[in-house]
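A closer look at the structure
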Amino acid sequence: LKHLLTVEALTDQEVMGLIRRGQEFKNGAKWTPEKEQYFATNLFFENSTRTHKSFDVAEKKLGIEVIEFDASTSSVQKGETLYDTVLTMSALGVDVAVIRHGDENYYDDLIQSKTIQCGIINGGDGSGQHPTQCLLDLMTIYEEFGRFEGLKVAIVGDITHSRVAKSNMQMLKRLGAEVFFSGPAQWYDEEFEVYGHYLPLDELVGEVDVMMMLRVQHERHDGNESFSKEEYHQQYGLTVGRAKKMKEGAIIMHPAPVNRDVELADSLVEGYQARIIQQMTNGVFVRMAILEAVLAGRA
Ligand code: CP
């Protein structure tokens, strides 16, 4: 891979290759780098714990030198643009930049540049896509079921604002899963119908293999939500009562951070049906696979 910007740019073979390589890294496989020294930088212009820190861990596990960057103490504060920040990192010899930015498709002019030489991995672009989260979610589902074909997956909640949902609905459908949606009508868009059908949560909960709950993204709302946290939980959340109706072997996923007792009941977060901790752990290993693939593509 030259860059990883969206999941739809990947072939099914590339997706499965990254998942399987993530599993190999989880089982102790080692990377054989082509160069003696690689540099990576993680440029986060939006808040992050999991994506940022799991890339840090993945890079360190691979032996890549991580060039620290903090937007709040960088020359971004003097008005330097994203383009010029990445140009600088490239000029310093950075091989790969992981970037999270609030603008959708922020990467367009970076990858068209003749001067910027480093690989770009999209760590989330506004409400656009979150391809590395998608790959760790797919790895977690594959680890659980060993297939995608025929699985029923419900994506529930704040779908309109979720880059995770947009990446996942496309790939899950392409890989043969049956996708369903649920949640507040105001956070659902008819354009999602090409990937799956919208149903009331109580009709879905006993039918699906995966309940993928999404975070309510308050930071992307205008403050006019028409329900309280308690109302949201009762109408659209995975309550303890609803979780009891899930099929045997069905799992709960959430990209996190979780708003406990909103998207799902506090007691379910670390419960036997949840795979939220596995998602975070798998994030390190699938990101090792992504870094390896991008660095190999630039060798
Ligand atoms: N799931 C996810 O992207 O979490 P962070 O925002 O903490 O990176």
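Above this note sits the structure.
Residues numbered from 1 in each chain as written. Predicted model: local features only at pLDDT ≥ 70, side-chain atom pairs only at ≥ 80, totals over all residues. Heavy atoms only, no water.

A few points about the pairing of strand β4 (residues 119-125)
Here is the rule we go by: Three exposure classes are used, based on accessible area relative to the maximum for each residue type with a 1.4 Å probe and protein chains only: buried under 20%, partly exposed in between, and exposed over 50%. In this text, helices come from DSSP runs of H or I with a minimum length of four residues, and strands from runs of E with a minimum of two, each type numbered from the N-terminal end. Being paired, for any two strands, means DSSP has found at least two bridges between them.
Among the seven residues of β4, seven are classified as buried, and the element is accordingly described as predominantly covered. When strand β3 (residues 96-101) meets β4, the two strands line up parallel, connected through five bridges. Residue I99 lies in a different strand from β4, and its bridge partner there is N122.

Considerations on the packing of aromatic side chains
Basically, it comes down to this: Side-chain rings of Phe, Tyr and Trp, where Trp is taken by its six-membered ring, are said to pair if the distance between their centres is within 6.5 Å; with planes under 30 degrees apart they count as stacked, over 60 as edge-to-face, and otherwise as tilted. For a Lys NZ or an Arg CZ to count as sitting over a ring, it must be within 6 Å of the ring centre and within 35 degrees of the ring normal.
Under the counting rule described, the total for this entry stands at 13 aromatic pairs. With centroids separated by 5.2 Å and ring planes inclined at 75 degrees, the aromatic side chains of Y106 and Y107 adopt a geometry described as edge-to-face. Y107 matches Y106 in its accessibility class, with the two residues each being buried. With a centroid separation of 5.5 Å and an interplanar angle of 50 degrees, the aromatic rings of Y232 and Y236 are classed as tilted. In this pair, Y232 and Y236 both sit in helix α8 (residues 229-236), four residues apart, roughly one turn of the helix. Each member of the pair, Y232 together with Y236, is buried. Put simply, the rings of F181, Y188, F192 and Y198 touch in pairs and so form one group of aromatic residues. In this arrangement the basic side chain of R21 is found over the ring face of F25, its NZ or CZ atom lying 4.3 Å from the centre.

A few points about the pattern of salt bridges
Quick reminder of the rule: A side-chain nitrogen of Lys or Arg and a carboxyl oxygen of Asp or Glu constitute a salt bridge if their distance falls within 4 Å.
Under the definition given, this model contains 12 salt bridges. A salt bridge links R21 to E24; the nearest nitrogen and oxygen atoms lie 2.6 Å apart. Placement of the pair is R21 and E24 together in helix α1 (residues 12-26), with a separation of three residues, close to one helical turn. In this structure E24 comes out as partly exposed when scored by relative accessible area, which is 40%. Measuring nitrogen to oxygen at the nearest pair gives 3.1 Å for the salt bridge that ties E46 to R163. Linking E46 in the loop between β1 (39-44) and α2 (50-62) with R163 in helix α6 (residues 163-174), this pair joins segments that are 117 residues apart in sequence. Overall, the relative accessible area of 8% leaves R163 in the buried class. Through salt bridges with shared partners, one network takes in R21, E24 and E292.

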